Amino acid sequence: MRIEPQAPADPPSPPSPPPRAFCHATGFIYQSVGFLMALSTCCWWSFTGLTQDELRPTEAGRQVVEVAKDSAPAQRWALAAVCVNFIGGLWLVALGMGLQNDRFRSGRPAKWTTGFATLFFVAYLGMSLFAWQASVARSVTTGVLAAIWGILFVLGGVSAEELRRNPPTPRPSKWTPRDEDDLRKALSPRSPDKTNP
């Protein structure tokens, strides 16, 4: 019995990466950074007290501090920066989930949100360096945050472009009209109809 030599088999080709792998990675980064930003806002708010004067009432006899009247422009900007970081961090977590789950409408809002925050922190950095009394801690913190938001803006822009070039296929709903009726009945605050079990 003669055995015929077999031709060597072609090596298996490596699996191709998913078409929106960059969006998925950006979504993970958005979730991580957004969670850290939202969580660390309380610590950063406490840290800003070391870089600026304490708020005191400007009128004699008044004991309650009114932020609109008694705060300096640098203090108002610091308050706005804390709010932008907290709300922006929460919004980044939501956008990150959308990017990871191939939601087409999460690309542009990611770009707009991070672009707005980048512009805000660049303006805040400019004011810190040129308009107010010099503070190294405030300038360094603001510069780092401007850089972080700028990097997130670039990632969001690339992800939005990738989603535009490779749109995800719409997923058909598995819900039937009966499922919707059952959900409406379960969530209805009215008592069930006695005549229709």
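Up top is the structure these notes are about.
The following refers to the structure shown.

Reading the values: the criteria
- Residues numbered from 1 in each chain as written.
- Predicted model: local features only at pLDDT ≥ 70, side-chain atom pairs only at ≥ 80, totals over all residues.
- Heavy atoms only, no water.
- Axes fitted to C-alpha atoms, helices over the stretch in contact; angles between N-to-C directions.
- Helix = DSSP H or I, 4+ residues; strand = E, 2+ residues; numbered from the N terminus.
- Parallel < 35°, antiparallel > 145°, perpendicular 65-115°, else oblique.
- Left-handed = near helix turned anticlockwise from the far one by under 90°.
- Contact = heavy atoms within 4.5 Å.
- Nonpolar A, V, L, I, M, F, W, Y, C, P; charged D, E, K, R; others polar.
- Phe/Tyr/Trp six-rings, centres within 6.5 Å; stacked < 30°, edge-to-face > 60°.
- Buried < 20%, exposed > 50% of the residue type's maximum accessible area, 1.4 Å probe, protein only.

1. Some points on the packing of helix α3 (residues 73-100) against helix α4 (residues 107-130)
Reasoning step 1: Two elements in contact, α3 and α4, have axes whose closest approach is 10 Å; the angle formed by their N-to-C orientations is 160°. As the angle between them shows, α3 and α4 are arranged roughly antiparallel. Where α3 crosses over α4, the handedness of that crossing is left-handed. Contact with α3, carried on its side by Ala74, Trp77, Ala78, Ala80, Ala81, Val84, Asn85, Trp91, Leu92, Leu95 and Leu99, involves Gly107, Pro109, Ala110, Thr113, Thr114, Ala117, Phe120, Phe121, Ala123, Tyr124 and Met127 of α4 and no other residues of that element.
Reasoning step 2: Residues that form the contact of α3 with α4 fall into these classes: 18 nonpolar, four polar and no charged.

2. Structural notes on the packing of aromatic side chains
Each pair of aromatic rings is reported with the distance of its centres and the angle of its planes.
Reasoning step 1: Considering all chains together, one arrives at six aromatic pairs under this definition.
Reasoning step 2: Here the aromatic rings of Phe120 and Phe121 are separated by 5.2 Å at their centres, their planes lie at 85°, and the arrangement is edge-to-face. There is no split in this pair, since Phe120 and Phe121 are both buried.
Reasoning step 3: Their ring planes at 40° and their centres at 6.2 Å tell us that Phe120 and Tyr124 sit as a pair that is tilted. With a gap of four residues between them, Phe120 and Tyr124 both fall in helix α4, about one helical turn apart. Of the two residues, Phe120 and Tyr124, both sit in the buried class.
Reasoning step 4: Here a set of aromatic residues connected by ring pairs shows up, and it is made of Trp77, Phe120, Phe121, Tyr124 and Trp132.

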